[in-house]
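# Inside the fold
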Amino acid sequence: MTTKTIGIGVEGAVQAASKYFHELQKIINNSLPIDTSTLTRDLRLEEVELSDDRSQWFITLGYSISEDGLGIRSVREYKIFTVDATTGEVQSMKIREV
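Throughout what follows, the structure given in this document is the object of discussion.

The rules behind these values
- Residues numbered from 1 in each chain as written.
- Predicted model: local features only at pLDDT ≥ 70, side-chain atom pairs only at ≥ 80, totals over all residues.
- Heavy atoms only, no water.
- Pairing = 2+ DSSP bridges.
- Helix = DSSP H or I, 4+ residues; strand = E, 2+ residues; numbered from the N terminus.
- Buried < 20%, exposed > 50% of the residue type's maximum accessible area, 1.4 Å probe, protein only.

As a further point, take the pairing of strand β4 (residues 90-95). In the sheet, strand β3 (residues 74-84) pairs with β4 via 5 bridges, with the strands oriented antiparallel. Residue pairing across strands places F81 opposite M93, the latter belonging to β4. Once β3 ends, the chain turns through 5 residues before running back antiparallel as β4, passing G88 with a positive phi of about 85 degrees.

Quick look at the structure:
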């Protein structure tokens, strides 16, 4: 098995995942008739992992979603972002079940 040289560090991978998440939120906000910016808040870094072959970062971001629209009742949701360790490109975003 060949291991790759890491082109970006953990900070770059986290920044790429966060930027990707925010860009998707902008697309969603622009395509819906309601303002969804208050539906997700409190974005936090939850987990970081480098793949065994050092080719990918797995970045888990968590955020709160308001259940009542007021922010009084909320649930925590998580997304796992796969980031190419050489280029910093986000390859996927998946739901993280807890």
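Let us look at unusual backbone geometry. Unusually for a residue other than glycine, R54 sits at a positive phi of about 65 degrees. When you line up the elements, R54 lands in the loop between β1 (40-50) and β2 (56-66). Using a relative accessible area of 38% as the deciding quantity, one classes R54 as partly exposed.

Our next topic: the pairing of β2. Across the 11 residues of β2, 8 count as buried, placing the element largely inside the fold. Here β2 runs beside β3; their pairing, made up of 11 bridges, is antiparallel. What sits directly across from I59, in β3, is F81.

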